[in-house]
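# Descriptive structure summary
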Amino acid sequence: SGHARTSNAAAAAGGGGGIGGGDGRGGGSRGGDDQPLKRGGVRATATARLGWSPSSGGHLSSWAEPQAPFLSWKSNECEQWLQFLGLSQYSAALRCWQSAAPSNHLSRATPQQLDKQLGVRHPLHRKKLQLAINARMGVEGSLGRTSPGEHIEGMAASSSWVSQWLDDVGLPQYKELFHEARVDPRVLNVLTWDDLAFLKVTSLLHATSLKRGIQVLREYNFDSSSLIRRSGLAAIDSTADNSDNNNTGVNCNGSVGSQGHEVCLWSNHRVMEWLKTVHLSEYAPNLRGSGVHGALLVYEVRFNSEVLAALLSIPSNKTLLRRHLNTHFKELVGREVVVEKRQVEEAPGYIALSTLTKIKPSKKSQFSLKRRSGKGRSGQMLEFDDLLCPLEERPPRATVQHSSIQNSPETRLC
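Everything numeric in this text was worked out from a predicted model, so none of it was measured. (Residues numbered from 1 in each chain as written. Predicted model: local features only at pLDDT ≥ 70, side-chain atom pairs only at ≥ 80, totals over all residues. Heavy atoms only, no water.)

The subject of this paragraph is the UniProt feature "domain: SAM" (unreviewed entry) in the protein. Taking the UniProt record as the reference, the feature "domain: SAM" (unreviewed entry) is found at residues 73-139, 157-220 and 266-297. Measuring from the first to the last C-alpha atom of residues 266-297 gives 9 Å, for a span that is 44% helix and 0% strand. (UniProt positions renumbered as here; feature names shortened; annotations may be inferred. Helix = DSSP H or I, 4+ residues; strand = E, 2+ residues; numbered from the N terminus.)

Shown next as structure tokens:
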């Protein structure tokens, strides 16, 4: 027992190094650092809760691109480019493959070679690399008019961009999965329904939220700074105390409403701010992680006040409260959009949007990328099946064809 008391005393005397910084004066786990604590740091629980890690993982945060054409890049330059893209795990295989024969070069790699020789078996990694190669070679085909620029190509820039965008659309819970799949704006632009399985997006509502978020990004050339994240200069806040007079609306083709608002650009946080102006602040926190944002409200013809009330967890027996929400929802999106939503609901074969509906897994091949039979030396022509947001997708129109509802991928429900 005497030995135990001695050990405990020694531990208590030396405990200041782990708890009090070695001098017994406290300071948490700073380990002898006498600098005062500062505000503005990252909470220890933030990373685990959001599933996000800002660590680079050995990837290059900056990179000086060679002046030579892509076809003339040396092996080490191609490897550095892979690291810059966040695909450093394939650098060693690329080095071995390019050194095996002079004709082996990343610019000429086929999808089969990327899979077999380089070991790029993750479909989204392969899609990211093929899109990046084609962009370097000037081969984008039908994607040319919608493909994002290269200013957000690097791992650090694209990860930060996608993370912020997922916050904007109200789906921060998918940050880690998007990060692991190395999703960047180019990949996001051609995301398919089959890709959602690798991102573990099983909710139809969440998939629809991503679809409408991509749609509005295309309209603004993937400039996420165009999104309205705070009320700030918004005129709607001038009517916060008299929300019954707020007739702000956006028509179905995205034009500005009477008070100059682009509701389709509202982020998830901005929608929650709007709920506070219409005296529903106690329900606003329920929209976190729901996928609700302005483009979903305006562009998705199946999204109505009933779906919003369910997401807000407003009990069905509170009819007056739901009627209050319905009134302000109609005022927000505008009369034209309300009319169009009603027309869709009355169309034959209409399938209501539900918060509980799951996506039925596709039975097609796991590969969402297909290669055309014809190819040139300048790169591979790619085509994509079943895009989550088709390239020709437009804001909703006043008429809806029965066939478009029946044949939509969104009807593949459990």
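The topology assignment puts Asp168 in helix α7 (residues 155-168). We classify Asp168 as buried; its relative accessible area is 4%. With residues near it in sequence (within four places) discarded, Asp168 still touches Leu227, Arg229, Ser267, Asn268 and His293. (Buried < 20%, exposed > 50% of the residue type's maximum accessible area, 1.4 Å probe, protein only. Contact = heavy atoms within 4.5 Å.)

With 67 residues, the main nonpolar core has Trp165 and Phe303 as its most contacted residues. Counting residues per element, this core draws most heavily on helix α11 (residues 204-219), which supplies seven residues. Ignoring anything within four residues of it in the chain, the contact list for Trp165 reads Leu188, Leu210, Gly213, Ile214, Leu217 and Leu227. Counting 21 residues, the second largest nonpolar core, distinct from the first, contains Leu85, Leu106, Leu114 and Leu129. (Core = buried A, V, L, I, M, F, W, Y, C linked by side-chain atoms within 4.5 Å.)

Moving on: α11. One turn of the α-helix equals 3.6 residues, which is why residues spaced by three or four share an orientation. The end-to-end C-alpha separation of α11 is 23 Å, in line with the 22 Å expected for 16 residues at 1.5 Å each. Among the 16 residues in α11, 15 count as buried, and that is most of the element. Two to three positions downstream of the cap, the backbone nitrogen of Leu205 sits 3.3 Å from a side-chain oxygen, assigning the N-cap of α11 to Ser203. Trailing α11 by a residue or two, Asn221 shows a phi angle of about 55 degrees, which is positive. (Expected span 1.5 Å × (residues − 1). Polar contact = N/O pair within 3.5 Å; in protein donor to acceptor, adjacent residues only side chain to side chain.)

A few words on the environment of Glu306. In this fold, Glu306 is placed in helix α14 (residues 305-311). Residue class for Glu306 comes out partly exposed when judged on its relative accessible area of 46%.

Further remarks concern the confidence of the model for the protein. The pLDDT averaged across the protein works out to 76; a share of 64% of its residues lies at or above 70. Summarising per-element confidence for the protein, the mean pLDDT is lowest in helix α2 (residues 46-50) (38) and highest in α14 (97). Across residues 366-381, where pLDDT falls below 50, the model places 38 contacts with residues more than four positions away in sequence or in other chains. The model gives residues 398-407 a pLDDT under 50, and that stretch makes 14 contacts with residues more than four places away or in other chains. (pLDDT = per-residue confidence, 0-100.)

Now for the packing of α7 against α11. Angle between the axes and distance between the axes are the two parameters that describe a pair of packed helices. It is the contact of α7 with α11, at a shortest axis distance of 11 Å, that shows an interaxial angle of 120 degrees. Here α7 runs over α11; the crossing is right-handed. Residues Trp161, Trp165 and Leu166 of α7 pack against Leu210, Gly213, Ile214 and Leu217 of α11. (Axes fitted to C-alpha atoms, helices over the stretch in contact; angles between N-to-C directions. Left-handed = near helix turned anticlockwise from the far one by under 90°.)

A word on the pattern of salt bridges. The full count for this structure, using the stated rule, is 13 salt bridges. Across the pair Arg302 and Glu300 runs a salt bridge, and its minimum N-O distance is 3.2 Å. In this structure Arg302 comes out as buried when scored by relative accessible area, which is 9%. Look at the salt bridges and you will find they share partners, linking Lys211, Arg212, Glu300, Arg302 and Glu393 into a network. (Salt bridge = Lys/Arg side-chain N within 4 Å of Asp/Glu carboxyl O.)

Below, the discussion takes up helix α12 (residues 268-277). Within α12, eight of the 10 residues are buried, which leaves it mostly tucked inside the rest of the structure. Within α12 the residues assigned to the buried category are Asn268, Arg270, Val271, Met272, Glu273, Trp274, Leu275 and Thr277. The inward-facing, buried residues of α12 abut α7, α13 (294-299), α14 and α15 (319-333). Downstream of α12 by a residue or two, His279 has a phi angle that is positive, lying close to 65 degrees.

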